[in-house]
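Structure assessment
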Amino acid sequence: MPIGLIALALGGFGIGLTEFVIMGLLPEVSADFAVSEATAGWLISGYALSVVVGALLLTAAVTRLPRKPVLAGLMVLFVVGNTLSALAPDFSMMLLGRVVAALCHGAFFGIGAVVAADMVAPNKKAGAIAIMFTGLTAANVLGVPFGTLLGQAAGWRSTFWAISAIGVVALVGILALVPVTERGTAGTTGLRGELRAFRSGQVWASIAITVLGYGGMFGAFTYIAFTLTSVSGFGSATVPWLLMVFGVGLFIGNTLGGKAADRNVDATLLAALSVLTVVLAVFALTAASAVMAVVSLLLMGIFGFATVPGLQMRVMKYASEAPTLASGANIGAFNAGNAFGAWIGGVTISAGLGYTSPIWAGAAITLAAVAVMALAARKANFRTGAELAPRTGDLAGV
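Here we summarise the structure given alongside this text. (Residues numbered from 1 in each chain as written. Predicted model: local features only at pLDDT ≥ 70, side-chain atom pairs only at ≥ 80, totals over all residues. Heavy atoms only, no water.)

Remarks on unusual backbone geometry
How we decide: Secondary structure is summarised from DSSP: a helix means a run of H or I of at least four residues, a strand means a run of E of at least two, and numbering begins at the N terminus for each. Classification of residues uses two cut-offs on accessible area relative to the type maximum, computed with a 1.4 Å probe and protein chains only: under 20% is buried, over 50% is exposed, and between them is partly exposed.
One non-glycine residue, A34, adopts positive backbone phi at about 55 degrees. Position of A34 relative to the elements: it lies in the loop between helix 1 (4-33) and helix 2 (37-40). Here A34 falls in the exposed class, since its relative accessible area comes to 71%.

Observations regarding helix 14 (residues 308-317)
The element helix 14 is extensively covered by neighbouring structure, given that 10 of its 10 residues are classed as buried. When helix 14 is considered as a whole, its buried residues turn out to be V308, P309, G310, L311, Q312, M313, R314, V315, M316 and K317.

A look at helix 6 (residues 125-154)
Note the following rule: A helix is expected to reach a length of 1.5 Å times the quantity of its residues less one. Two axes enter the definition of the bend at a residue: one is fitted to the seven residues ending there, the other to the seven starting there, and the bend is the angle between them.
Counted at 1.5 Å a residue, the expected span for helix 6 with its 30 residues is 44 Å, and the 41 Å between its end C-alpha atoms agrees. At A139, helix 6 shows its maximal kink, close to 45 degrees.

As for the pattern of salt bridges
Convention followed: Salt bridges, as used here, are contacts in which a Lys or Arg side-chain nitrogen is within 4 Å of a carboxyl oxygen on Asp or Glu.
The full count for this structure, using the stated rule, is 3 salt bridges. With a closest N to O distance of 3.9 Å, R157 and D32 form a salt bridge. Placement of R157 in helix 7 (residues 156-177) and of D32 in helix 1 is noted, with a sequence separation of 125 residues between them. Here D32 falls in the partly exposed class, since its relative accessible area comes to 44%.

Section: a nonpolar patch on the surface
We apply this condition: Patch membership needs two things, relative accessible area over 30% and no salt bridge, and members are linked within 9 Å if like-charged or within 5 Å if nonpolar (Val, Leu, Ile, Met, Phe, Trp, Tyr). What sets the accessible areas is the Shrake-Rupley method with a 1.4 Å probe; for residues, cover comes only from the shown protein chains.
Residues M1, I3, I6 and L177 make up a contiguous nonpolar surface patch of about 400 Å² in total accessible area. Structurally, M1 is set in the segment before helix 1.

Digging into the packing of helix 3 (residues 42-61) against helix 5 (residues 91-118)
What counts, and what does not: Here an axis means a line fitted to C-alpha atoms, over the contact stretch when the element is a helix, while the angle between two N-to-C directions is reported on a 0 to 180 degree scale. We call two directions roughly parallel when the angle between them is under 35 degrees, roughly antiparallel when it is over 145, roughly perpendicular when it lies between 65 and 115, and oblique otherwise. If you view the pair so one helix is near and one far, a crossing is left-handed when the near helix is turned anticlockwise from the far one by less than a right angle, and right-handed when it is turned clockwise. In this description, contact between two residues means that some pair of their heavy atoms is separated by no more than 4.5 Å. Amino acid classes used here: Ala, Val, Leu, Ile, Met, Phe, Trp, Tyr, Cys and Pro are nonpolar; Asp, Glu, Lys and Arg are charged; the rest, including Gly, are polar.
At a closest axis distance of 6 Å, the pairing of helix 3 and helix 5 adopts a crossing angle of 40 degrees. When the axes of helix 3 and helix 5 are compared, the pair comes out oblique. Note on packing geometry: the crossing formed by helix 3 with helix 5 is right-handed. Contact residues: helix 3 offers W42, L43, Y47, S50, V51, G54, A55, L58 and T59, while helix 5 offers F91, M94, L95, R98, V99, A101, A102, L103, C104, H105, G106 and A107. Split into classes, the residues belonging to the contact of helix 3 with helix 5 amount to 15 nonpolar, 5 polar and 1 charged.

This is how it looks when you write it as structure tokens:
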């Protein structure tokens, strides 16, 4: 394993921690700034929207620059944003810090995935991407619980200082360990060449699958605390530990999904999304059972995140001549799916359908992802040399 992947994973760990730890610290932040819970929620939704913007615009802005310095610059932006949050004298400055940190999220994972894939042999690319995303899964398993405990014990600002320190270490690691790749970020194709990758229908299909597949899982997960306490009968104090079960599932799924996708991307995605649909349906049916809720939570994490390396690898495969912007766009699609799934889940709860309704909605969204994936795989297999990336400008991909 190239040691540079560890530096990328550490950067992913810090970014994942920044995104998710705020959920456990919202009560302290809202009390400190004397704002309502709804207003404090902008620290989450504002971050997610900024990720989508940064994934597209910031990635497009750096397409002609060498990848290693770009990754280092993005980590500097990450440190600046979290330092602003730690020092924020009021809520507006805190929100600004969140926005600044979020801008690097999509570009870092998008460009980092390309760099990770370039570090290894062609038959190990999805596995390399999975190693990078291990940082994100570790943030959910370990970082968020301990970051929340630190913020509750020493003040929420201490958590953001710790995240800033992680960013500095990741920055040093990138500078020292990540190699300079032979190909620059669109050094020959430029932004126009990167945009031509979006003429491929398979690129758009891959992005749609990401939105639906990830949206289905996180649509169910967003309101899982309500399901666990109001339906499964768990006490609120046990929820953080139950979420660690989900995090363990993410870690397992990410690792296994990366290995499987290196053998066959489309088959892996079809299988994982199909099983995830079944898992969500069973979860919704058996949520009143505490034992089944724990088992379903673990399986939801495994099969939900087993799709991530393959989803990222697929869009890079069909945009192989200029993958950087498409890779960044797909990272934005993950967050767009997160927001879409959460919105649908919220609509079902507001309609009075109960706290299992977001899980049913997630199953329906994931089933749509299965349908799109099956159609895209079928169209790809009709082509001569379907395992190769399509030619630039080819509109017949899907």
